[in-house]
Structures are given as structure tokens and as C-alpha cells.
Amino acid sequence: MNSYKEFVLVVEDDSQIRNFICYSLKQEGFGYFTAGTAQGALGILVSEQIDLMLLDLGLPDFDGMEVIKKVREWSEMPIIVISARDQDKDKAAALDIGADDYLTKPFSTTELMARIRVAIRHLYKQRGGNTQAVLSVGGLQIDLSKHLVYLDESELHLTPMEYNLLVLFFKNIGKVLTTGYIIKEIWGVGYGTDTQALRALMAGLRRKIEKNPAKPRYIITEIGVGYRLKDE
Ligand code: CA
């Protein structure tokens, strides 16, 4: 495909976890830098060309959440949070201030590498302008120029709201979208945080795109956080 090697910045104060992540990155052909503190991370970010950041939240100098906020002032690079905090509100807060994904410790390197690959693919789509009119995930296909949706090659009839919701997911394939973010994007600011309407809309969409809406294949529920269109 291309010979460009992606560089990952691993921000983690636990040297054992850091080493095992770096080992996996090396196996997968990524380049990497490491930092054990938030200050160290920011120093590397301004001096090196980094494509993606893996970020622990509990750092000795200041909180990882502050790093996300700072980085988002000037960069859209994918940020995957790796943290021992497993509270749903922590996940949602990290995603809402600009993290792209979240993994709770302990996690498998297989899972971590899969998430990194999704984020990198995203990055290339963004850099390429993401102007593709026809996007697909498995048997689900959307034609953005014609406003048509297909499931296993048969056309689906979605309501305008369902269509807008699906477009939002297709623009963020593989990424967790928080409930708050989706509500803001679909209904606009000021709609509040009423999740009931979103649940109803999601149920309607799932009845159309999922063979078994109780066991969704495409749009997965991230309990307490939001939803993700699975990257197949
Ligand atoms: Ca830590």
C-alpha cells in the first residue's frame, strides 16, 4: 500500500505496560515514542511527527484528560485512551473532550492493535478528504450522493432522521460516538440530554439494518457510553 511508517506515542507511567505495548507495536511494524508523564508527552508531540497517541489517564504529573484538551487545541490525531478507570462516565468524558476510543485495563494486545488499525484507517480517510460517495460496512452500504441505503444489495427505506443517524455513523466508522454527541449532531444543541428519543430512533434504524436487532451486527451498543458502527 504505502511505505510510510506510522509513529505511535505511548504515554504510560507503568513501565511494564509500556514495554508490552511497545513490543506489540514493533511486531506490527509501527514506530513508537514513549513518555511516562504528561509533560514528557507534550514535549514529544511538539518535536516529533506522531500519527496516533495511546494515553493513560492516571499520570504522575497531571491528568491525561488535560493532555487530550491541550492536544485538541492544535491536532486531530487519533487518541486512544488506555485506562484503569472503568466508569462509564469517565469513558464518555474522555470521548467528549476529544479522545477517539477507549480501552479499559487489562486489555489484550490483539484488541489494542485492532483499535489502532481502525484509527489509522480513519486518519488516512480524513487526510484524503473522505470524499467517497459510496461507503460500506459488511453488507450495509450507503450512497451519500443519491441518499440511498442498501442491505445485502436490497434498498432500504429509512426515514430522514434514520438516514441522518446512519450517515453520522458512516462518517465515524469504528469510532465510539457518545450519546451526548449523537443527540447534539442529530437534534442540535439545546435539545438537552434526553436519551429516550435517541433510543427510539436507534431501535427503528436497527429494525431495518439488522437481521436480529437484539444482537446487532453493525451498530453496537457501548453500554453507558454510546454506540459504535463496527468496522468489518
Ligand atoms: Ca497510570
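Our subject is the structure listed above.
Just so it is clear, the structure is predicted and the values come from calculations on it, not from any experiment. (Residues numbered from 1 in each chain as written. Predicted model: local features only at pLDDT ≥ 70, side-chain atom pairs only at ≥ 80, totals over all residues. Heavy atoms only, no water.)

**Thoughts on the overall build of the protein**
Part 1: Secondary structure assignment for the protein yields 8 helices and 12 strands.
Part 2: For 232 residues, the compact-globule formula gives about 17 Å, and the C-alpha radius of gyration of the protein, at 18 Å, lands near that figure.
Part 3: Each principal axis of the C-alpha distribution contributes one length, and for the protein these read about 50 × 40 × 30 Å.
Part 4: Counting every position in the protein, which comprises 232 residues, the buried fraction comes to 46%.
Part 5: Here the contacts in the protein between residues at least 6 apart in sequence split such that 57% fall between residues at least 24 apart.
Part 6: Entry remark: accessible area of the protein is about 11,900 Å², with carbon and sulfur atoms responsible for 50%. (Helix = DSSP H or I, 4+ residues; strand = E, 2+ residues; numbered from the N terminus. Rg over C-alpha atoms; globule rule 2.2 N^0.38 Å. Buried < 20%, exposed > 50% of the residue type's maximum accessible area, 1.4 Å probe, protein only. Contact = heavy atoms within 4.5 Å. Areas by Shrake-Rupley, 256 points an atom, 1.4 Å probe, with all protein chains shown as cover.)

**So, empty space enclosed by the protein**
Part 1: Applying the stated criterion across every chain yields a total of 1 cavity of 30 Å³ or more.
Part 2: For the largest cavity, the calculated volume is near 40 Å³.
Part 3: As for the largest cavity, its lining consists of Val118, Arg121, His122, Lys125, Ile173 and Asp231.
Part 4: Here the residues of the lining of the largest cavity sort into 2 nonpolar, 1 polar and 3 charged. (1 Å grid on protein atoms, 1.4 Å probe; cavity = no way out; pocket = protein on both sides within 12 Å on 5 of 7 lines; lining within 4 Å. Points joined across faces, edges and corners; volume = space filled by probe spheres on them. Nonpolar A, V, L, I, M, F, W, Y, C, P; charged D, E, K, R; others polar.)

**A closer look at the packing of helix H6 (residues 160-170) against helix H7 (residues 179-187)**
Part 1: Between H6 and H7, the least distance of the axes is 10 Å, while the angle of their chain directions is 130 degrees. Taken together, the axis directions place H6 and H7 in an arrangement best described as oblique. In terms of crossing hand, the pair formed by H6 and H7 is right-handed. Every residue of H7 that contacts H6 at Met161, Asn164, Leu165, Leu168 and Phe169 is listed here: Tyr181, Ile182, Glu185, Ile186 and Trp187.
Part 2: Split into classes, the residues belonging to the contact of H6 with H7 amount to 8 nonpolar, 1 polar and 1 charged. (Axes fitted to C-alpha atoms, helices over the stretch in contact; angles between N-to-C directions. Parallel < 35°, antiparallel > 145°, perpendicular 65-115°, else oblique. Left-handed = near helix turned anticlockwise from the far one by under 90°.)

**Here we look at the environment of Leu135**
Part 1: By the element assignment, Leu135 lies in strand E6 (residues 134-137).
Part 2: Here Leu135 falls in the buried class, since its relative accessible area comes to 6%.
Part 3: Each C-alpha atom, one on Leu135 and one on Lys171, is 9.1 Å from the other, the two residues being 36 residues apart in sequence.

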